[in-house]
Amino acid sequence: MEPSQDAPLHIPVMTEEVISLLEIIPEGIYVDGTVGLGGHATQIISRLSSKGQLVGIDLDEDALQYCEDRLTASSCPFKLIHNSYDQILRILSKLEISKVNGILLDLGISSLQLNSEDRGFSFSRPAPLDMRFDRTNRRTAADVLNKLSEPELSDVFYTYGEERRSRSIAKKISQVRPLFTVSDLVEAVRSCTPPNFRHRTLARVFQALRIVVNKELEKLEIFLNHFIEALAIGGKVVIISFHSLEDRLVKQHFRQMKENGRIRILTKKPLQPKENERKLNTRSRSAKLRAAERIS
Ligand SMILES: C[S@@+](CC[C@H](N)C(=O)[O-])C[C@H]1O[C@@H](n2cnc3c(N)ncnc32)[C@H](O)[C@@H]1O
């Protein structure tokens, strides 16, 4: 799929910090677990020799197609895999790779997805309520909205969107459903929330739904429980998150692994984008980056 005409190219977040923390070995093997449009991947691969390798994973086949076109010119071998990063051990085993030198996760959504005309990620674009990163999955945002009970919906908006009006929004949705389109959901939210800051309310509701549709926190947790087995001693992991619950999961798992003597934490506090990046790329503003090195 071509990005729509008005879609800005996705700008990778905190690239300088990612590259510096990965300390790339030219002959090393690196995994970009959320390769997306290949913004970070092009930077990683440009530092690898023909003896190195990049494995890019993404749930979004459109993104992988786009990324493939972008990486093709590289002299370093690469593999792009349509799967979820939480399956990293299985993916590497199929590729007959036992250990890698670095893993990157840049969580969340790309500009290609957000600006897409038919995927329903954005509250400002008319589209079906889809929101699946992986369009081969069955459950869409419409299914979540139409099938969960009112208390379950309220819980989704409160937990994943930190939305104070979660109860009234869930009540309204349960009164007017079935919902099929972004406009249906926007209208339901509009009719039960005050106009002030409604954009922020919509953003929180859409974010919460996306997290649930794609089981984002569950996948991150599975990854955090297993990634160490894929890393060589001295290998680095870098994770950029955009949601406080994601960052908390990363922080807790890193702390536990540090106590168990498995990793050295490279970012005492999460790194955040510098002022000039925050200005240039508004999407970067909520980014938090944590990194660690496997030591045993
Ligand atoms: C912020 S974008 C990554 C952008 C990329 N770093 C770049 O510079 O172009 C996040 C990507 O992660 C993908 N994604 C989200 N959850 C995933 C998962 N569990 N496994 C693999 N990819 C996932 C999304 O489809 C999206 O393409």
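Residues numbered from 1 in each chain as written. Predicted model: local features only at pLDDT ≥ 70, side-chain atom pairs only at ≥ 80, totals over all residues.

1. Here we look at the overall build of the protein chain
Scanning the protein chain for helices and strands turns up 13 helices and 7 strands. A compact globule built from 296 residues would reach a C-alpha radius of gyration of about 19 Å, and the protein chain, at 20 Å, matches this within 12%. With the C-alpha coordinates aligned to their principal axes, the bounding extent of the protein chain is approximately 60 × 45 × 40 Å. Residue burial in the protein chain is summarised as follows: out of 296 residues, 45% are buried. Taking the contacts inside the protein chain whose residues are at least 6 apart along the sequence as the reference set, 70% of them involve residues at least 24 apart. (Helix = DSSP H or I, 4+ residues; strand = E, 2+ residues; numbered from the N terminus. Rg over C-alpha atoms; globule rule 2.2 N^0.38 Å. Buried ≥ 20, exposed ≤ 12 C-beta atoms within 10 Å, placed from the backbone. Contact = placed C-beta atoms within 7 Å.)

2. Quick notes on the site of the ligand
In the neighbourhood of the ligand, 24 residues make up the surrounding shell, with P12, T34, G36, G39 and D60 lying closest. Elements represented by at least two residues in the shell around the ligand include exactly α2 (39–45) and β2 (53–58). Residues that form the shell around the ligand fall into these classes: 8 nonpolar, 11 polar and 5 charged. (Near = placed C-beta within 6 Å. Nonpolar A, V, L, I, M, F, W, Y, C, P; charged D, E, K, R; others polar.)

3. Some remarks on the sheet that holds strand β7 (residues 288–294)
Ordered in space as β3-β2-β1-β4-β5-β7-β6, the 7 strands form an open sheet in which the pairing is mixed. Strand pairing shows two members of the sheet lacking a second neighbour, β3 (78–82) and β6 (263–265), which therefore form its edges. The mean angle between the axes of side-by-side strands here comes to 15°, regardless of whether they run parallel or antiparallel. Along the sheet, helix α3 (residues 61–71) contacts β2 and β3; its crossing angle with β3, the most-contacted strand, is approximately 170°. (Pairing = 2+ DSSP bridges. Axes fitted to C-alpha atoms, helices over the stretch in contact; angles between N-to-C directions.)

4. Let's talk about the pairing of β7
Where burial is concerned, most of β7 is hidden: 6 out of the 7 residues are buried. Pairing analysis gives 6 bridges linking strand β5 (residues 231–241) to β7, with the strands arranged antiparallel. Note that in β7 the partner of I239 across the bridge is R290. Summarising the sheet, β6 and β7 pair through 3 bridges and their orientation is antiparallel. When the sheet's bridge partners are listed, I265 is paired in β7 with A292.

5. Some points on helix α11 (residues 216–226)
The α-helix winds at 3.6 residues per turn, so residues separated by three or four positions along the chain end up facing the same way. Considered for burial, the residues of α11 that qualify are E216, L220, F223 and L224. Considered in projection along α11, the buried side chains sweep an arc of 100° and stay on one side of the axis. Against α4 (88–94), α10 (198–213) and α12 (244–259) lie the buried residues of α11. (Arc of directions from axis to C-beta.)

6. Describing the domain arrangement of the protein chain
In terms of domains, the protein chain is made up of domain 1 (15–112 + 217–294) and domain 2 (135–213). Centre-to-centre, using C-alpha coordinates, domain 1 lies 30 Å away from domain 2. (Domains from an automatic or database assignment.)

7. Looking at the packing of helix α7 (residues 150–161) against helix α8 (residues 166–176)
In contact at an axis separation of 8 Å, α7 and α8 are set at 135° when each is read in the N-to-C sense. Regarding the angle of α7 to α8, the classification is oblique. The two elements α7 and α8 meet at a crossing, and its hand is right-handed. Each of E150, L153, S154, F157 and Y158 in α7 lies in contact with α8, whose residues at this interface are S166, R167, I169, A170, K171, I173 and S174. Residues belonging to the contact of α7 with α8 are distributed by class as follows: 6 nonpolar, 3 polar and 3 charged. (Parallel < 35°, antiparallel > 145°, perpendicular 65-115°, else oblique. Left-handed = near helix turned anticlockwise from the far one by under 90°.)

8. Here we look at the confidence of the model for the protein chain
With 97% of its residues at a pLDDT of 70 or more, the protein chain shows a mean pLDDT of 95. The model gives residues 1–8 a pLDDT under 50, and that stretch makes 10 contacts with residues more than four places away or in other chains. (pLDDT = per-residue confidence, 0-100.)

9. Describing α7
With 12 residues, α7 extends 16 Å between its outermost C-alpha atoms, agreeing within 8% with the 16 Å of an ideal straight helix rising 1.5 Å per residue. Listed as buried for α7 are L153, S154, V156, F157, Y160 and G161. The buried residues of α7 occupy an angular sector of 165° when the element is viewed end-on, so they sit on one face. Among the structural elements, α8 and α10 are those in contact with the buried residues of α7. Looking at the residues trailing α7, positive phi occurs at E162, about 50°. (Expected span 1.5 Å × (residues − 1).)

10. Focus: the environment of G38
You can see G38 is positioned in the loop between β1 (29–32) and α2. Taking the C-alpha atoms as reference points, G38 and P12, 26 residues apart in sequence, are found 8.5 Å from one another. Apart from residues lying up to four places away in sequence, G38 is in contact with G56, C67, R70 and L71.

11. Re unusual backbone geometry
Backbone geometry follows two general trends: most residues other than glycine have a negative phi, and most peptide bonds adopt the trans configuration. The omega angle of the peptide bond from R177 to P178 is 15°, so this bond is cis rather than trans. When you line up the elements, P178 lands in the loop between α8 and α9 (182–190). With phi around 60°, E96 is a residue other than glycine that occupies positive phi space. By secondary structure assignment, the location of E96 is in the loop between α4 and β4 (100–106). With 6 C-beta atoms counted inside 10 Å, the residue E96 sits in the exposed group. One non-glycine residue with positive phi stands out, namely K215, at about 50°. Here K215 is to be found in the loop between α10 and α11. Under the C-beta neighbour-count criterion, K215 is labelled partly exposed, with 16 such atoms within 10 Å.

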